[in-house]
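# Architecture at a glance
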Amino acid sequence: MERPDSSPRHHLEDLAEFVSASPSPFHAASEASRRLSEAGFTRVYEADEWPSSPGSYYLQRGGALVAWSTSGAHRPSAGFRLIGAHTDSPNLRLRPRPDHQSAGMAQLGVEIYGGALLNSWLDRDLGLSGRISVRSKSNDTSTVLFRCDEPLLRVPQLAIHLDRSIMTEGLRLDPQRHLQPVWSSAPQSAPEFRSWLSERTEVPVNEILSWDLMTHDLTPPAVLGVDESLFASARLDNLLSCHAGVTALLSSSLEAPYVPVLCLFDHEEVGSQSASGAAGQLLPTVLERIFLSGDCTRDQWFAALASSVCVSADGAHATHPNWPERHEPDHPVHIDGGPVLKWNADARYGTDSPGAAHLLSIARDIDIPMQTFVSRNDMPCGSTIGPVTAARLGITTVDVGVAQLSMHSARELTGVVDPARFAALLGSFLSSPRSVS
Ligand code: ZN
């Protein structure tokens, strides 16, 4: 088989395609499924009995996906090499009854999802995407993906002439009142949302039962900077890592004994407590089913977990040129300075020294530079799915990701080289015969 072009520029173009195909977590899981399926992975369903024969498989649950391979030399009894990432990003999500009017304009009501940088959603042309549940002919319900890339919505900012305090107090946004997008200047003629959706989907209006829909910025990803050294895009946190994980799994070697597993979870931005989140039963159940299909004993199951390692792949903060004082001065992080190991003494990240040593050794094997992030003591630290996974499964976990600026903005910024380095690091992690101790 011809190896795909793994140059940084080619990787970046592929990442841009992945992000553009994934305006919602449901689309991200579906895009990952499509790529895996095209590469020969077989889809399995949770309600079915799973094949006992070795092979490469995946399952999708809403906005989450788990993929693994028991082909080649991979043996469940040897343990797992897991990559975890998340498909969701902070955004504005449509309310169940979205139709609203104010000052003679039609609006759609939204809830704020996750820790969005609210200012970044102002004055952007927004599309709408997600999934819709409809009643089918047999009176069952079915779920379909929906996406509209037309400029449907916009959250208009208040003119500075009407808010002089912005100069002295900064921008202050009330999340209930100030983030509602406009949908039409003519409420008398604008359609109700459900009627509009019915027309778009060709589903009768009374058969549209419910939805999980959200807004997305329509500006496409772009390379920028005088030397084209920066890459701007929506949802880099954390579709960059999802894409790196899919790329890594598809390029991983069949020679390693460990079973490679890719887990793309939903709902990390709101605490992971859901059926498709990292704190739920999804991953432990899937791992146990993979294990049982290998005809192993319960004792071997615990031994396999003890030999397993998880990389929690998520964005890292680069040192901001305008706010360098917000960063720990002895741990600067540079855009394109290499993947970033994230440490926290209070275990907000999963990294510990054996896990860090394991990943640093692999990076050294393939000559990839690594950086180190730690928060200031006077600055609360974010978190990832790493500690949740470490606690649930009791396996060695390392938090690592690509340096970026503007995390949780509607449009984030990273470098042009590190996305490819990160995918190479994750690929070597899945393929390495190194054990952890
Ligand atoms: Zn993240």
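Read on for a plain summary of the structure.

Definitions and cut-offs
- Each chain has its residues counted from 1, running along the sequence as written.
- Owing to the predicted nature of the model, reporting of local features is limited to residues with pLDDT of at least 70; listing and counting of side-chain atom pairs is limited to 80 or more, with chain, interface and lining totals taken over all residues.
- Only heavy atoms go into the side-chain values, all of them from the structure, while hydrogens and water stay out.
- Runs of E in the DSSP output that reach at least two residues are strands. Runs of H or I that reach at least four are helices, and both are numbered from the N terminus.
- Both definitions apply: the radius of gyration is a C-alpha atom measure, and the globule rule equals 2.2 Å times residues to the power 0.38.
- With a 1.4 Å probe rolled over the protein chains alone, any residue whose accessible area is under 20% of its type maximum counts as buried; one over 50% counts as exposed, and the rest are partly exposed.
- Contacts between residues were defined by any pair of non-hydrogen atoms, one from each residue, lying within 4.5 Å.
- Each accessible area is a Shrake-Rupley estimate made with a 1.4 Å probe; only the visible protein chains count as cover when residues are assessed.
- Positive charges are assigned to Lys and Arg, negative charges to Asp and Glu, while His and the chain termini are left out of the count.
- One atom stands in for each charge, and that atom is NZ of Lys, CZ of Arg, CG of Asp or CD of Glu.
- Only the six-membered ring of Trp is used, alongside the rings of Phe and Tyr, when aromatic pairs are assigned; centres must lie within 6.5 Å, and planes under 30 degrees apart are stacked while those over 60 apart are edge-to-face, with the rest tilted.
- The rule is short: NZ of Lys or CZ of Arg within 6 Å of the ring centre and within 35 degrees of the ring normal puts a charge over the ring.
- Every case where a carboxyl oxygen of Asp or Glu lies within 4 Å of a side-chain nitrogen of Lys or Arg is listed as a salt bridge.
- By convention a nonpolar core is built from buried Ala, Val, Leu, Ile, Met, Phe, Trp, Tyr and Cys residues, the set being connected through side-chain atoms within 4.5 Å.
- Each metal's donors are the N, O and S atoms within 2.8 Å of it, or within 3.2 Å when it is Na, K or Ca, and because water is not part of the set, sites may look incomplete.
- For a four-donor site, all angles between 85 and 135 degrees give tetrahedral; for four or six donors, opposite pairs above 155 degrees with the remaining angles between 65 and 115 give square planar or octahedral; all remaining cases count as irregular.
- When DSSP locates at least two bridges between a pair of strands, those strands are taken to pair.
- Geometry is summarised by axes, namely lines fitted to C-alpha atoms with helices restricted to the contacting stretch, and by angles between N-to-C directions that run from 0 to 180 degrees.

### Here's the deal with the overall build of the protein
Summing up its helical and strand segments, the protein has 10 helices and 20 strands in all. Its C-alpha atoms give the protein a radius of gyration of 22 Å, within 12% of the compact-globule value 22 Å for 437 residues. Dimensions of the protein, computed from C-alpha atoms along their principal axes, come out at roughly 65 × 60 × 40 Å. Out of the 437 residues belonging to the protein, those deemed buried represent 52%. Partitioning the intrachain contacts of the protein with sequence separation of at least 6 by distance along the chain shows that 77% fall at a separation of at least 24. Here the protein has roughly 19,900 Å² of accessible surface; of this, 50% comes from carbon and sulfur atoms. Computing the positive centroid from 34 side-chain charges and the negative centroid from 50, the protein places the two 3 Å apart.

### Examining the packing of aromatic side chains
Taken as a whole and judged by the stated rule, the model has 9 aromatic pairs. Taking 5.4 Å as the distance between ring centres and 85° as the angle between the ring planes, the aromatic pair formed by Trp183 and Trp196 counts as edge-to-face. Residue Trp183 is found in strand 9 (residues 182–184), and its partner Trp196 is found in helix 4 (residues 193–201); the two are separated by 13 residues along the sequence. Residue classification places Trp183 among the buried residues on the basis of a relative accessible area of 13%. Here Trp196 falls in the buried class, since its relative accessible area comes to 9%. With a centroid separation of 5.2 Å and an interplanar angle of 75°, the aromatic rings of Phe193 and Trp211 are classed as edge-to-face. Taken as a pair, Phe193 in helix 4 and Trp211 in strand 10 (residues 208–217) lie far apart in primary sequence, 18 residues in all. Phe193 gets classed as buried once you look at its relative accessible area, which sits at 0%. Within the aromatic cluster, the residues linked to one another by ring pairs are Phe146, Trp183, Phe193, Trp196 and Trp211. We note Arg93 situated over the ring of Tyr113; from NZ or CZ to the ring centre the distance is 3.5 Å.

### What about the pattern of salt bridges?
Under the definition given, this model contains 18 salt bridges. Here Glu150 makes a salt bridge to Arg200, at a shortest N to O gap of 2.8 Å. Of this pair, Glu150 sits in strand 8 (residues 141–153) while Arg200 sits in helix 4, and the two are 50 residues apart along the sequence. Residue Glu150 is classed as partly exposed on the basis of its relative accessible area, which comes to 39%. For Arg200, a relative accessible area of 38% puts it in the partly exposed group.

### A short note on the side chain of Ser33
Take Ser33: it is sitting in helix 2 (residues 25–38). A relative accessible area of 4% means that Ser33 is categorised as buried. Those residues in contact with Ser33, other than ones at most four positions away along the chain, are Tyr58, Gln60 and Leu65.

### Digging into the nonpolar core
Within the largest apolar cluster, 46 residues are counted, with the highest numbers of intra-cluster contacts made by Leu65 and Phe422. Take this core: its biggest share by element is 8 residues, from helix 5 (residues 236–251). The next biggest cluster of nonpolar side chains, apart from the first, holds 29 residues, and it includes Leu94, Leu118, Ile132 and Ala410.

### Focus on the coordination of the zinc ion
Think of it this way: four donors in a tetrahedron around the metal ideally sit 109.5 degrees apart, and six in an octahedron ideally sit 90 or 180 degrees apart. Here the zinc ion is held by His86 (NE2), Asp237 (OD), Asp314 (OD) and Asp314 (OD), and the distances to it run 2.0 to 2.7 Å. Viewed at the metal, the 4 donor atoms of the zinc ion are separated by angles of 51 to 140°, and the geometry they form is irregular. Each donor residue of the zinc ion lies on one chain, and together they are spaced H-x150-D-x76-D. With His86 in strand 4 (residues 80–86) and Asp314 in the loop between strand 14 (309–313) and strand 15 (316–317), this pair connects stretches of sequence that are 228 residues apart. With respect to burial, His86 and Asp314 carry one shared label: buried.

### Some details on the sheet that holds strand 4
What the 9 strands build is an open sheet, ordered 1-2-3-13-4-14-18-16-17; its pairing is mixed. At either end of the open sheet lies a strand with only one pairing partner, and these are strand 1 (42–43) and strand 17 (371–374). In terms of strand pairing, strand 16 (residues 340–343) meets strand 18 (residues 396–401) through 2 bridges, oriented antiparallel. In the strand pairing of strand 18, Val340 is matched with Gly401. Here helix 9 (residues 386–393) sits on the sheet in contact with strand 14 and strand 18, set at roughly 170° to strand 18.

### Some thoughts on the environment of Gly84
Note on placement: Gly84 falls in strand 4. Overall, the relative accessible area of 1% leaves Gly84 in the buried class. Sequence-wise, Gly84 and Val416 are 332 residues apart; in three dimensions their C-alpha atoms are separated by 22 Å. For Gly84, the contacting residues outside a window of four places in its chain are Cys263, Val311, Ser312, Ala313 and Ile385.

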